[in-house]
Every structure is written in structure tokens, then in C-alpha cells.
Amino acid sequence: MNGEGILPQEGAIIILRDIAKSYWRETLEIPVLHGIDLEIPRGGYYALMGPSGSGKTTLLNLIAGIDRPTGGTLQVCGFELNDLDDDELAGWRNQFVGFIFQNYNLVPVLNAFENVELPLLLSGLSRRERREKVEHALELVNLTDRMLNYPRQLSGGQEQRVAVARAIVTDPELLVADEPTGALDSKNAEEVLQLMERLNQDLGKTIVIVTHDPKAAHHARHQIHLEKGLLDKTIEVNR
Amino acid sequence: MKWIAFVLKSMRRSKLRTLLILGTMTFGVLVVALLLSLLTTLDSVANNPNSTNRIVVRHKSGLTQVLPRSYEAYLKQQPEVETVCGLQWFGGFYQDPGNFFANFASDEETLFQVFREEFGASGITEEQLKEYIRDGSGCIVGKALADKFGWKVGDTVPLTGTIFPISPRLTIRVIFRSPKPSDENVLHFHTKLLEEGVPRMKGRVGTYFVRTKSPDDIPRLIERVDRNFANSASETLSETENSFNLSFVKMLGNISVLLQGISLVVLVALIFVAFSTMAMAIRERTTEISVFRALGFTAQRVMGLVILEGLVLTGAGGALGLGLTWLLAAVLRPVMGSIFPFFQDFNVQTGTMLLCMGGALAVGLLSTFMPAYEAVRKPITEGLKTL
Ligand SMILES: Nc1ncnc2c1ncn2[C@@H]1O[C@H](COP(=O)(O)OP(=O)(O)O)[C@@H](O)[C@H]1O
Ligand SMILES: [Mg+2]
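Predicted model, so just to flag it, every value in this text is computed and none were measured.

Student: In this structure, what is going on with the packing of aromatic side chains? I would like to understand it.
Tutor: The geometry of an aromatic ring pair is captured by two quantities: the separation of the ring centres and the angle between the planes. Under the definition given, this model contains 25 aromatic pairs over all chains. Measuring from centroid to centroid gives 5.3 Å for F79(A) and F96(A), while their planes differ by 50 degrees, and the two rings are tilted. Placement of F79(A) in strand β5 (residues 79-80) and of F96(A) in helix α2 (residues 86-96) is noted, with a sequence separation of 17 residues between them. Accessibility expressed as a relative area gives 33% for F79(A), which makes it partly exposed. Look at F96(A) and you get buried, because its relative accessible area is 11%. Note on W89(B) and F104(B): the rings are 5.3 Å apart at their centroids and 75 degrees apart in plane angle, and the pair reads as edge-to-face.

Student: How should I be thinking about the pattern of salt bridges in this particular structure?
Tutor: Close approach of charged atoms lets side chains of opposite charge pair. All names here are of chain B. Summed over the entire model, instances satisfying the criterion amount to 38 salt bridges over all chains. E118 is the salt-bridge partner of R54, the closest N and O atoms lying 3.0 Å from each other. With R54 in strand β1 (residues 54-59) and E118 in helix α5 (residues 116-120), the pair connects residues that are 64 residues apart, well separated along the chain. For the pair R54 and E118, one class covers both residues: buried.

Student: Just checking my understanding: could you explain the sheet that holds strand β1 (residues 12-25) of chain A for this structure?
Tutor: Whenever strands of a sheet pair, they do so through backbone hydrogen bonds, lying parallel or antiparallel. Residue and element names in this part refer to chain A. One open sheet holds the four strands; their spatial order is β2-β1-β4-β5, and the pairing between them is antiparallel. Every other strand in the sheet has two partners, leaving β2 (28-41) and β5 as the edge strands with one partner each. Both strand β4 (residues 71-76) and β5 contribute to a ladder of two bridges, which runs antiparallel. When the bridges of β5 are listed, Q75 appears paired with E80. Docked against the sheet, helix α1 (residues 56-63) engages β1, β2 and β4, running at close to 125 degrees with respect to β1.

Student: Even after reading the chapter, I still don't get the environment of E309(B), so can you show me in this structure?
Tutor: Turning to its location among the elements, E309(B) is positioned in helix α13 (residues 299-337). Leave out the neighbours within four places in its chain, and E309(B) touches V7(B), S10(B), M11(B) and R285(B).

Student: Is there a simple way to think about the sheet that holds strand β11 (residues 207-212) of chain B in this case?
Tutor: Residues and elements named next belong to chain B. Pairing in this open sheet of ten strands is mixed, and the strands run β4-β7-β8-β6-β9-β5-β3-β11-β1-β12 from one edge to the other. Each edge of the open sheet is held by one strand with a lone partner, namely β4 (93-94) and β12 (236-240). In this structure, strand β7 (residues 156-160) lies alongside strand β8 (residues 169-176), joined through three bridges in antiparallel fashion. Residue pairing in the sheet places T156 in a bridge with T171 of β8. Contacts from helix α10 (residues 218-229) reach β1, β3 (81-89), β11 and β12 within the one sheet, and its direction differs from that of β12 by about 170 degrees. The strands touched by helix α11 (residues 241-283) are β1, β11 and β12; relative to β12, the strand with the most contacts, the crossing angle is about 100 degrees.

Student: Could you clarify how one ought to interpret helix α12 (residues 286-294) of chain B in this entry?
Tutor: Every α-helix carries 3.6 residues per turn, so stepping three or four residues along brings you back to the same face. In terms of residue burial, α12(B) counts as a mostly covered element, since eight of its nine residues are buried. Positive phi appears at G296(B), one or two residues downstream of α12(B), with a value of about 115 degrees.

Student: Help me out: how do you make sense of empty space enclosed by the protein in this one?
Tutor: Residues and elements named next belong to chain B. Scanning the model with the defined rule gives four cavities of 30 Å³ or more in all. Of the pockets and cavities examined, the largest cavity occupies roughly 160 Å³. Lining the largest cavity are 16 residues, and of these M278, A281, R285, E309 and L313 lie nearest its centre. Elements with a minimum of two residues in the lining of the largest cavity: α2 (15-46), α11 and α13. Looking at the lining of the largest cavity, its residues break down into seven nonpolar, five polar and four charged. Its boundaries defined by the atoms lining it, the second largest cavity holds a volume of some 110 Å³. Every residue along the wall of the second largest cavity is listed here: F6, S10, R13, R285, E288, I289, F292, V302, L305, V306 and E309.

Student: It is not clear to me how the interface of chain A and chain B should be interpreted in this structure. Could you clarify?
Tutor: Interface size is commonly expressed as the accessible area that is lost once the parts come together. Opposite the 26 residues of chain A that make contact, chain B presents 23 residues. When chain A packs against chain B, the two sides together hide about 2,100 Å² of surface, and 64% of this comes from carbon and sulfur. Three residues stand out in chain A for area buried against chain B, namely V109(A), L121(A) and L122(A), and they jointly supply 26% of the buried area on that side. Counting across the chain A and chain B interface gives one salt bridge. Two residues, E114(A) and K9(B), come together in a salt bridge whose shortest N-O distance is 3.1 Å.

Student: Please explain the site of ligand 1 as it appears in this structure.
Tutor: Around ligand 1 lies a shell of 13 residues, among which G53(A), G55(A), K56(A), T57(A) and T58(A) are the nearest. Around ligand 1, the nearby residues trace back to chains A and B. Between G55(A) and ligand 1, the recorded distance is 3.0 Å, taken from a backbone N or O atom to an oxygen atom. T57(A) places a polar side-chain atom, nitrogen or oxygen, 2.7 Å from an oxygen atom of ligand 1. A per-element tally of the shell around ligand 1 places α1(A) first, with three residues. Considering only residue class, the shell around ligand 1 consists of three nonpolar, six polar and four charged.

Student: Help me out: how do you make sense of the nonpolar core in this one?
Tutor: By size, the foremost hydrophobic cluster in this structure holds 72 residues, and its most contacted members are I14(A), L16(A), W92(A), L118(A) and L174(A). Ranked by residue count, the leading element in this core is α13(B), at eight residues. In contact with L174(A), other than residues within four places in its own chain, are I14(A), I63(A), V76(A), C77(A), F96(A), V97(A), G98(A), T206(A) and V208(A). Counting residues in each nonpolar core, the second largest holds 39 residues, with V134(A), V141(A), A167(A) and I207(A) among its members.

Student: What am I meant to see in the state of the cysteines here?
Tutor: Disulfides are covalent bonds that link the sulfur atoms of two cysteine residues. Residue and element names in this part refer to chain B. Within this structure, the stated rule accounts for zero disulfides over all chains. Of all cysteine sulfurs, the one in C85 lies closest to C139, which takes part in no disulfide; the gap is 15 Å. Residue classification places C139 among the buried residues on the basis of a relative accessible area of 0%.

The rules behind each value
- Residues numbered from 1 in each chain as written.
- Chains lettered and ligands numbered in written order.
- Predicted model: local features only at pLDDT ≥ 70, side-chain atom pairs only at ≥ 80, totals over all residues.
- Heavy atoms only, no water.
- Phe/Tyr/Trp six-rings, centres within 6.5 Å; stacked < 30°, edge-to-face > 60°.
- Helix = DSSP H or I, 4+ residues; strand = E, 2+ residues; numbered from the N terminus.
- Buried < 20%, exposed > 50% of the residue type's maximum accessible area, 1.4 Å probe, protein only.
- Salt bridge = Lys/Arg side-chain N within 4 Å of Asp/Glu carboxyl O.
- Pairing = 2+ DSSP bridges.
- Contact = heavy atoms within 4.5 Å.
- Axes fitted to C-alpha atoms, helices over the stretch in contact; angles between N-to-C directions.
- 1 Å grid on protein atoms, 1.4 Å probe; cavity = no way out; pocket = protein on both sides within 12 Å on 5 of 7 lines; lining within 4 Å.
- Points joined across faces, edges and corners; volume = space filled by probe spheres on them.
- Nonpolar A, V, L, I, M, F, W, Y, C, P; charged D, E, K, R; others polar.
- Buried area = accessible area lost by both parts, 1.4 Å probe.
- Near = heavy atom within 4 Å.
- Polar contact = N/O pair within 3.5 Å; in protein donor to acceptor, adjacent residues only side chain to side chain.
- Core = buried A, V, L, I, M, F, W, Y, C linked by side-chain atoms within 4.5 Å.
- Disulfide = S-S within 2.5 Å.

Read these as geometric descriptors, not functional statements.
In C-alpha cells form, the structure reads like this:
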């Protein structure tokens, strides 16, 4: 947030090589992704599109390190994710990835401030340092005045903005969002999308967003289309 | 600190459930702590370390029968015997029949030798002792008893007899202290006062408390005494003081076995409630646990937090339960103590507290461990799945 997120565009921040992912039901293999090769440059803003069930979420989860591929290698933020064990991967996520979910996933018993503070609890930061960072993040999403409100006291749009603040409070290089506007009306959706655009442009965050909403996808600079677990095409969005 | 704060906030999630577990633990610990306290108190009656040197000699036909005074000389002659004190339960009351406390007509000279441990802590001076022995209508009372009725040394205490048709007016000569509360709720006056006032007690006494030189001598002594008076007009029944006291609480001992059974059932039910409530609470949090892990919390960290929450909750319940037990003990002590004197010693032992606290924490740990483990074993993506 204080500029260190903007790194020179030397090479890709996400490199997928021949990524495959299957699920098993009993002994029956259900292949979801096959042979995905993908590179996303640092500071990129990519929308992952495709019909329902095409594997968008699965792919995003792999990139974000909350799922493991069945085959292939993936390098994200300079780490070969296959080489990290579960605990290392958890630490890696905390440091490098910000998550934005469709249904916000705020903790109901924590207020906005405490929700945003959550990922920082894992750091060695002092109370005061955490407070500074949380306040800064809430300022960025324009919710300073809602700091002490609980999720149920916030509108959906506000909740999602708190979630965005939580995603950026650790100043990660990568933001992933799975249908972040799926539960919002168009006005609130637009607000969140503009916020994400700012995070990309002003703070240089690399963003990968899964959406089937063309309007949402239009905010991204690139669209990747998935079709039955295969990359279909990548389109540059002209603006 | 930040984790404790977090865990405390987390408990607001379902106040009803938090209260249910808290209440369950509080009640469970209350039941167990009360029972254990009762058992340790009963045990202290039967295993009073102060009594190991003493035996009680009484009439074989029961406590309502009395023994001849002449037996005292025989008892004193036995090589194992250090000293002998005749003790007669007087059963009088002060002002109101409801004011129950133990009062005895006892041999004023040997009382302090036979019950050395009971009077040892009081720091009775030689002067006071002489004063009591000199005054035939003097009496000595325990500190707790004196406090209860607001008595001071020099006060006159009229005792109304219930078993014997006399009502002596006694002058308090000594107020003594004792390590055990029940030993402080006692009044003694002179044997002679009873013997002179009640013709049938002339030259007779209900029990002899015999102090032996060593506990090892006791079996031999008991056997010889009872054999000596066998086939006489007044046969004796001799036993250790502990076994004598136990005969007064035997019925309670039986009740306590029943209580143990009941509380075991209650306890199992309560633990079951705690376990299933805890498991339900954790299972409902599957999504949140996945979110935490996505944010970078390791499986161990998440488990630790969930278990910590269980421990804080059951620990608080345990502490609350012990607090209530302690309060209840304070209330029961005087109320029950006026019916069963040993209840004056009823209290919550440190061992009981540690055991209950340990038990409560064990429930907290065990009830959260399995569900927490199951929750973190699940793939993160599983918990995040919507619709
Ligand atoms: N845990 C799972 N077990 C079995 N099949 C799964 C699992 N998760 C996803 N799938 C299947 O993988 C395919 C892709 O799912 P997903 O990545 O969620 O698609 P999208 O996000 O594009 O709608 C779907 O057919 C889905 O049923
Ligand atoms: Mg999806």
C-alpha cells in the first residue's frame, strides 16, 4: 500500500505450467482442468470467465494456494507452490494473497475494524502498528466511519468493502476474487469494481477475478475464457 | 492476549449455546465438588489423625446405658494406657431447643490430657485451667460456639437438660480454640455437677475416652478390656475413637453412596450435553474456519483457537461451579452442622478444587479436540463452497 507493492514488471507473477486438476468420487476420476498454461504479469488485472462448471473457481483456488493441483507446476509471487507444505502455504497466503469472496465471509461477532485486523493477528506487529494498518485500509475503502459496526449493521456493499480492506491490509501482491459482485445489486457492484480498479491502478495490485458478469469483466484489462477445463482464449479489454 | 480477546469475542456467536455450556459445566462441577467435599468430610470423621491414640469404652448394650465409675481404675492400670477421661453426653440446650450443640459432663482434670490435640491450639494458660478446675460450676466453650452466642469469659450460661432433669447454670472459665471447627462447637462442664444433680448418675458415666501410649497398643488393649468385663453386669464395647465416630455417620455414608451414583449419572449426562453442544458449535463454523485458513491461519492455529475457546468456557464454568460450591458450603455448614456436628468441618478442599478444575478443563479439551480436528482436516475449498 505504501508503494512497495508496485514492483517492476519483470516477468510474470503467476506462471502455470500444464496444470491439471481432477476430483475423485469413489474411484471415478472427474477431470476438471487439463493442461492449463498461463502467465499473468505483475500488476495485471485479469477476469476469469466461462460457463458455470467450467472450472473457474477451481483454477482460482489453485492460484491462491487453497487447493493443490493433480498435475503440473505453478509459481505464484515467486514461490513454487508445490514445494510448500500446508503450513508454509498458509504463511504464504497470509503474506502474498488477499481474498475477496462472493458472500463477503466476514466474521459476524467481530466489528469492521476487528475483521480487517484478522490477517494481521498472525504478524508480529504491535497493537498500534496493526491499528494504523487497519485504519489505513478502511480509509482506502472509504469506511472509516463504519469501523465499529458489525457486519449485520452494514449493507452488502459495505460488507464487501470491509472484505476488500481485509484483503489488502497485509499489503499482498495478489488479490483474488471469486464472483465478488455476485451478491450485490448493480450500484454496489459498480462501487466495488471501481474500488478494485483503483487497487490495481494506484497500488499496482495484481488482480484475478472470477466472474460471469460481462460488466464486471469489463473492468479488468484482460479476460481469460475457460471452456470445459481448457483455456479458450485471452482477450485484451480495450478501454 | 490478542488471542484471548479474540476467543472471548468469539463466544458471543451463540449466546444461548455459550450459556448452555457454561451452565452445564457450572452445575456439573457444583454437583461433583459438593459430593467430593461431603466424602472428604465424612472421611475426616472416620480418619481423624488426632484420634489415632484414643479408644472409646462404652456399654455393650448401647449408648443409653452407663458404665460404673469403678472401671476407670482398671483402665488406668493397663500398661498401654496413658490417661482416661469419663465423658457423658448431656444433651442440654441454651435458651431454645433449636440451639443444638454438643455439651458434655467430663472429667475436668484429664480432659485436657486425653484431648491434647483438640485443646493444644488454644493457648489455654495454666491460670485459666486452674480457674476452671477450681470452679465446680465452671465450663469451657469453643471459640466458634462463644462467637455464635456472643459469650465471654465470666458469662453465665444456663443449660436446659433434655436427657437429665437438671438445668445447671454454668460460668464460662475458658474459651478455647481448636484446629477443627467441629471441635470448637463444644461445651464441657464438671462430671461432679451431673453426678450430684442426678442420683442415677452417681458413680456412673456413659463413656471412657482412653488415651494410649501408642496406636500399636490399641488392638491388644481393646481385646483385653472387653474380655475382662465380659459376663459382668456391665459388659463393655471398646473401639477406636474413629470407629466410634463413624457409627454416627454410617447412615450418611450410605446416603453418600446413593449420591455418588446419582451424581455420576448427572455428570455423564452433563458431559454428553457439553460434548454435543461443542461439536455442534464447531461444525456450524466450518465456513468460517475455512475463511480463517484462507487468510493464512494454519490448521494448528485454528484448532488451537477453537480448543482455547472450549477451555476458557469450561474453565469459567468450573470456576463458577466452585464458587457456588464454596458459597453453598458456607450456608450448609451452620445449617447442617446443627444437626450433624461433623458438618461444621464441611468445606471445599484444595484437592477437590484442583480435581474439579482439571475435570472441567479436560471436558473443554476433549469436547473440542475431535470436532476441531475434523474441521481443519477438511479441504479449505470444501468449507468455502457456497450454494
Ligand atoms: N470437491 C469437488 N468434488 C467433485 N467435483 C467438484 C468439486 N469441486 C468442483 N467440482 C466440479 O468441478 C467442476 C468445476 O467446478 P468449479 O471450478 O466450481 O466451476 P465454476 O467455478 O467455473 O462454476 C464442476 O463440474 C464441479 O462440479
Ligand atoms: Mg465458481
